[in-house]
Amino acid sequence: MGGTLLLQAALAAAGCGEHRHAAALTDRAAGVAANLRGYDDQHRTSFGPVAVELVRVLLAAARDNSVEALRRHSIVVRREGWRWLPAEYRGAYLLDAARVYVHAGDLRGAARALVDADSVAPAEVRGRPLARTLIADCARARPAPAGVARLATLVGLTR
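Let us look at the structure shown here.

What counts and how
- Residues numbered from 1 in each chain as written.
- Predicted model: local features only at pLDDT ≥ 70, side-chain atom pairs only at ≥ 80, totals over all residues.
- Heavy atoms only, no water.
- Helix = DSSP H or I, 4+ residues; strand = E, 2+ residues; numbered from the N terminus.
- Rg over C-alpha atoms; globule rule 2.2 N^0.38 Å.
- Buried < 20%, exposed > 50% of the residue type's maximum accessible area, 1.4 Å probe, protein only.
- Contact = heavy atoms within 4.5 Å.
- Expected span 1.5 Å × (residues − 1).
- Polar contact = N/O pair within 3.5 Å; in protein donor to acceptor, adjacent residues only side chain to side chain.
- Axes fitted to C-alpha atoms, helices over the stretch in contact; angles between N-to-C directions.
- Parallel < 35°, antiparallel > 145°, perpendicular 65-115°, else oblique.

### Description of the overall build of the chain
Phase 1: Each helix and strand counted, the chain has 10 helices and zero strands in total.
Phase 2: Over its C-alpha trace the chain gives a radius of gyration of 16 Å, about what one expects of a compact globule, namely 15 Å for 159 residues.
Phase 3: Structurally, the chain occupies a C-alpha span of about 50 × 30 × 25 Å along its principal axes.
Phase 4: For the chain, with 159 residues in total, the buried portion stands at 41%.
Phase 5: For the chain, the proportion of contacts with a sequence separation of at least 24, taken over those separated by at least 6, is 57%.

### Observations regarding helix H2 (residues 19-34)
Phase 1: Between the first and last C-alpha of H2 there are 22 Å, a value that for 16 residues agrees with the 22 Å anticipated at 1.5 Å per step.
Phase 2: Check the buried side of H2 and you find it contacts helix H1 (2-15) and helix H3 (49-62).

### Side note on the side chain of Asp118
Phase 1: The residue Asp118 is located in helix H7 (residues 107-120) in this model.
Phase 2: For Asp118, a relative accessible area of 4% gives the class buried.
Phase 3: At a separation of 2.9 Å, a polar atom in the side chain of Asp118 contacts the side chain of Arg126.
Phase 4: Residue contacts for Asp118: discarding those within four places in its chain leaves Val125, Arg126, Arg150, Leu151 and Leu154.

### What to know about the packing of H2 against H3
Phase 1: Remark: H2 packs on H3, axes separated minimally by 9 Å, with the N-to-C direction vectors making an angle of 170°. Regarding the angle of H2 to H3, the classification is roughly antiparallel. From H2, His19, Ala22, Ala23, Thr26, Asp27, Ala29, Ala30 and Ala33 reach across to H3, where they touch Pro49, Val52, Val55, Arg56, Leu59 and Ala62.

These values are about where atoms sit, not about what they do.
So this is what it looks like as structure tokens:
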């Protein structure tokens, strides 16, 4: 359980602008994850090497380094452990990834992340205010990326 707490502390530190401290905490969590056997998640916290990498994506985004965040994102979602994470965890993360894409000006990438999030965990997309904001941002593009118009209708942004 200590690894999950280290990751939460790293995210909190990043939220306060303490990026060096966040990186150190994430490195400590990576050390804990490296000692796990396979995907040993006996406490059902979804902690492991993939969770550490997801946090590294979010930390890069918090440092306004969209290029690094998106590079890491494209790698981590192809890892085997990604599929083992609970659907809600993956859906919430994909919303964060969509935010990074929007920040980078890549509305097509944001749309893909939103559509993927909706296919994995519809409640995350259809019930979170962040998702509505991201969908609205993508829907403003002309032409709107594929799937965004459907999502906009599902969340009540269009009639």
